[in-house]
Amino acid sequence: MERRAFSLPCQEKVCPPFKMVKVMKKKPSFTSLSESTAEDWKIIFSEQAQLYTELPNRIIEHLLLLKGDLSGFPIDRLNHCLQTATLAHEAGEDEEYVVCALLHDIGDTLASLNHADLAATILQPFVSEENYWMVKHHGIFQGHYFFHHIGLDPNMRDQFKDNPNYKRTAHFVAAYDNPAFNPNKDNLPIAFFEPMIRRVFSSPKSSMYPTDIKG
Ligand SMILES: [Fe+2]
Ligand SMILES: [Fe+2]
């Protein structure tokens, strides 16, 4: 199988869209899943293993798509993500938390009306339940700081007051997400976070699919 080579650093420019050029030695011949065989699935899993291995590359490329997207904000979305992760790292948060901070707005381009859900879904197999919940709900919690300007209830998050993840998520937006719009702060580059991304995405904690696929 041949795929587009990936190399860092490329944070100074937006990488071209990810393209997979597949040259498969063997190809399943079924026309419906019900006709597939165990041998077919060995071939498919072999291809999937390569796809899983390259997930961190795609994560980084999608983060870089946020570069230059100001959408009216003081800094672009990539730098907002980098600044959120930088603040979390500087405060001593652990690696998984920092990666969640880095990815929390990765869904802005494709899930513009429910971006937190997309980020949480990408992270879900690889992070704790509390970090998944934090990312998934950060949009509502963040609204505490501006919902009153757009006709929404700034206390919308109160519906989760009894949830065990309330404090964790309130702290995430207060300490890292809310203040990460500062154009004068130096952010750590994407290359700094790359090894963290690779480690966090190397070992899924949960999935309905087999997670020990070997190519
Ligand atoms: Fe967000
Ligand atoms: Fe954010």
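Residues numbered from 1 in each chain as written. Chains lettered and ligands numbered in written order. Predicted model: local features only at pLDDT ≥ 70, side-chain atom pairs only at ≥ 80, totals over all residues.

Bringing the overall build of the chain into the picture now. Each helix and strand counted, the chain has 8 helices and 2 strands in total. For the chain, the α and β elements follow one another from N to C terminus as β-β-α-α-α-α-α-α-α-α. When each of the 215 residues of the chain is scored for burial, the buried share is 28%. Across the chain, contacts joining residues at least 24 apart in sequence account for 59% of those joining residues at least 6 apart. (Helix = DSSP H or I, 4+ residues; strand = E, 2+ residues; numbered from the N terminus. Buried ≥ 20, exposed ≤ 12 C-beta atoms within 10 Å, placed from the backbone. Contact = placed C-beta atoms within 7 Å.)

This brings us to the nonpolar core. Of all hydrophobic cores here, the largest spans 39 residues; its most connected members are Cys-100 and Leu-123. Of all elements in the fold, only helix H2 (55-64), helix H3 (77-90), helix H4 (95-103), helix H5 (115-123), helix H6 (129-142), helix H7 (166-177) and helix H8 (190-200) reach the threshold of two or more residues within this core. At 7 residues, H4 tops the list of elements feeding residues into this core. Contacts of Leu-123, omitting those with residues within four sequence positions, involve Cys-100, Leu-103, Asn-131, Tyr-132 and Val-135. (Core = buried A, V, L, I, M, F, W, Y, C linked by C-beta atoms within 7 Å.)

This part takes up the packing of H4 against H8. Two elements in contact, H4 and H8, have axes whose closest approach is 9 Å; the angle formed by their N-to-C orientations is 105°. As the angle between them shows, H4 and H8 are arranged roughly perpendicular. Together, Glu-95, Glu-96, Val-98, Val-99 and Leu-102 of H4 and Phe-193, Met-196, Ile-197, Arg-199 and Val-200 of H8 make up the contact between the two elements. Across the contact of H4 with H8, the residue classes tally to 7 nonpolar, no polar and 3 charged. (Axes fitted to C-alpha atoms, helices over the stretch in contact; angles between N-to-C directions. Parallel < 35°, antiparallel > 145°, perpendicular 65-115°, else oblique. Nonpolar A, V, L, I, M, F, W, Y, C, P; charged D, E, K, R; others polar.)

Now for the packing of H4 against H6. Where H4 meets H6, the axes come as close as 10 Å, and the angle between the chain directions of the two elements is 20°. In terms of axis orientation, H4 runs roughly parallel to H6. Helix-helix and strand crossings are classified by hand; for H4 and H6 the assignment is right-handed. On the side of H4, the interface is formed by Glu-96, Tyr-97 and Cys-100, while H6 contributes Asn-131, Met-134 and Val-135. The residue makeup of the contact of H4 with H6, split by class, is 4 nonpolar, 1 polar and 1 charged. (Left-handed = near helix turned anticlockwise from the far one by under 90°.)

Glancing now at the environment of Ala-116. Considering the arrangement of structural elements, one finds Ala-116 in helix H5. Taking the C-alpha atoms as reference points, Ala-116 and Val-135, 19 residues apart in sequence, are found 6.2 Å from one another. If near-sequence neighbours (up to four positions away) are discounted, Ala-116 is found in contact with Gly-107, Val-135, Lys-136, His-137, His-138 and Gly-139.

Let us look at H6. Helix length check: H6 (14 residues) gives 19 Å between terminal C-alpha atoms against 20 Å at 1.5 Å per residue, within 8%. The principal kink in H6, of about 45°, is found at Lys-136. For H6, the tally of buried residues reaches 11 of 14 residues, placing the bulk of the element in the interior. The set of residues buried in H6 consists of Asn-131, Tyr-132, Trp-133, Met-134, Val-135, Lys-136, His-137, His-138, Gly-139, Phe-141 and Gln-142. (Expected span 1.5 Å × (residues − 1). Bend = angle between axes of the 7 residues up to and from the residue.)

On to unusual backbone geometry, then. Look at Ser-71: it is not a glycine, yet its phi comes out positive at around 45°. Look at Ser-71 and you get exposed, because 9 C-beta atoms sit within 10 Å.

With that settled, consider H3. Along its 14 residues, H3 runs 20 Å from first to last C-alpha, staying within 8% of the 20 Å computed at 1.5 Å per residue. The buried fraction of H3 amounts to 13 of the 14 residues, a majority that puts the element mostly inside the structure. In the segment just after H3, Gly-92 is the residue with positive phi, at about 90°.

Attention shifts here to the confidence of the model for the chain. Model confidence for the chain is summarised by a mean pLDDT of 89, while 86% of its residues fall at 70 or above. The low-confidence segment residues 1-17 (pLDDT under 50) makes 29 contacts with residues lying over four places distant or belonging to another chain. (pLDDT = per-residue confidence, 0-100.)

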